[in-house]
Amino acid sequence: MIGNFLTSSFKNNPSIRTFCTRYSESHEWIKFNHRNKTCTLGITKYASDQLKLIVNINLPDLNSTITRKQPFGNIESTKTVADLFSDVDGKTISLNPDVIVDPTIVSHSPEDKGWLVKMESDDVESFNKMMTKSEYGQFLKDINKSNV
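Residue numbers run consecutively from 1 along every chain, following the written order of its sequence. This being a predicted model, a pLDDT of at least 70 is required before a residue's local features are given, and a value of 80 or more before pairs of side-chain atoms are given or counted; all residues contribute to the totals for chains, interfaces and linings. Working from all heavy atoms in the structure, the side-chain values ignore hydrogens and water.

Peer 1: Before we move on, could you go through the overall build of the chain and cite the residues and values that matter?
Peer 2: Only DSSP runs of H or I reaching four residues or more are called helices, and only runs of E reaching two or more are called strands; each is numbered from the N terminus. What the chain contains, in helices and strands, is six helices and nine strands. When a residue's accessible area, from a 1.4 Å probe over protein chains only, is under 20% of the maximum for its type it is buried; when over 50% it is exposed; and in between it is partly exposed. When the 148 residues of the chain are sorted by exposure, 42% land in the buried category. Counting only contacts in the chain whose residues sit at least 6 apart along the sequence, the fraction spanning at least 24 positions is 57%. Only the protein chains shown count as covering a residue, and every accessible area follows the Shrake-Rupley method with a 1.4 Å probe. In the form shown here, the chain has an accessible surface area of approximately 8600 Å², with 51% of it arising from carbon and sulfur atoms. We call two residues in contact whenever any of their non-hydrogen atoms come within 4.5 Å of each other.

Peer 1: Any chance you could break down the packing of aromatic side chains for me, citing the residues and the numbers?
Peer 2: Each Phe, Tyr or Trp ring (for Trp, its six-membered ring) is paired with any other whose centre lies within 6.5 Å, and the angle between the two planes then decides the class: stacked below 30 degrees, edge-to-face above 60, tilted in between. Considering all chains together, one arrives at three aromatic pairs under this definition. Taking 5.0 Å as the distance between ring centres and 40° as the angle between the ring planes, the aromatic pair formed by Phe32 and Phe127 counts as tilted. Taken together, the residues Phe32 in strand 2 (residues 28-33) and Phe127 in helix 5 (residues 124-128) connect sequence positions 95 residues apart. Judged by relative accessible area, Phe32 falls into the buried class, the value being 0%. Taking the relative accessible area as the measure of exposure, Phe127 reaches 0% and is therefore buried.

Peer 1: Which residues make up unusual backbone geometry, and what values do they have?
Peer 2: Glycine aside, a negative phi is what most residues show, and trans is what most peptide bonds show. Even without being glycine, His27 reaches a positive phi, approximately 70°. With respect to the helices, strands and loops of the structure, His27 is situated in the loop between strand 1 (19-23) and strand 2. Positive phi outside glycine occurs at Asn63, with the angle close to 65°. Here Asn63 lies in the loop between strand 4 (54-58) and strand 5 (65-66).

Peer 1: Describe in detail the nonpolar core, supporting the description with residues and values.
Peer 2: Among the nonpolar cores identified, the biggest contains 24 residues, and Ile43, Ile57, Ile75, Val106 and Leu116 are the most heavily contacted of them. Those elements giving two or more residues to this core turn out to be strand 2, strand 3 (38-43), helix 2 (45-51), strand 4, strand 9 (117-120) and helix 5. Ranked by residues supplied to this core, first place goes to strand 3 with three residues. In contact with Ile57, other than residues within four places in its own chain, are Asn74, Ile75, Val99, Pro103, Val106 and Leu116. Take the buried residues of types Ala, Val, Leu, Ile, Met, Phe, Trp, Tyr and Cys, join any two whose side-chain atoms come within 4.5 Å, and each joined set is a nonpolar core. If you look at the next biggest cluster of nonpolar residues, it comprises eight residues, including Tyr23, Trp29, Trp115 and Met131.

Peer 1: Mind laying out the side chain of Thr38, listing which residues take part and the relevant values?
Peer 2: Along the polypeptide, Thr38 turns up in strand 3. N or O atoms within 3.5 Å of each other form a polar contact, as long as, within protein, one can give a hydrogen and the other can take it, and as long as residues adjacent in sequence are counted only when both atoms are side-chain atoms. A distance of 2.6 Å separates a polar atom in the side chain of Thr38 from a polar atom in the side chain of Asn36.

Peer 1: Account for the side chain of Thr40, naming residues and giving values.
Peer 2: Topologically, Thr40 is positioned in strand 3. Residue classification places Thr40 among the buried positions, given a relative accessible area of 16%. If near-sequence neighbours (up to four positions away) are discounted, Thr40 is found in contact with Trp29, Ile30, Lys31, Trp115, Val117 and Lys118.

This is the structure in structure tokens:
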């Protein structure tokens, strides 16, 4: 019984877990570390698949302020150039040097090795409004239905 309580408590209360990942309607993901108030941000596999081969990434400078819902950089593919957005406010503390040198990493591993920026953020309220993995999955299904 205690195991069930703990499992449901962790599942339903992201502030208890150290790491929690959420998704945006603009197809970015944010992994929030609640313990040290940092986020890692990247694009989703869906976004990467839509862009096809990524050839260039423009990211903000270190210590730059990222304002939620405002472009903070862009990603260029053989198809298009797309702005990058965050659903939380923060300040950049790290850029992924690997994707700057080889942007195709984002094409092949968008939700792992292809992360883009890390930032400090205490914007938990905005983070909690983002979609969970299952909500994002339903969002993608709805997109695919409307494209038929």
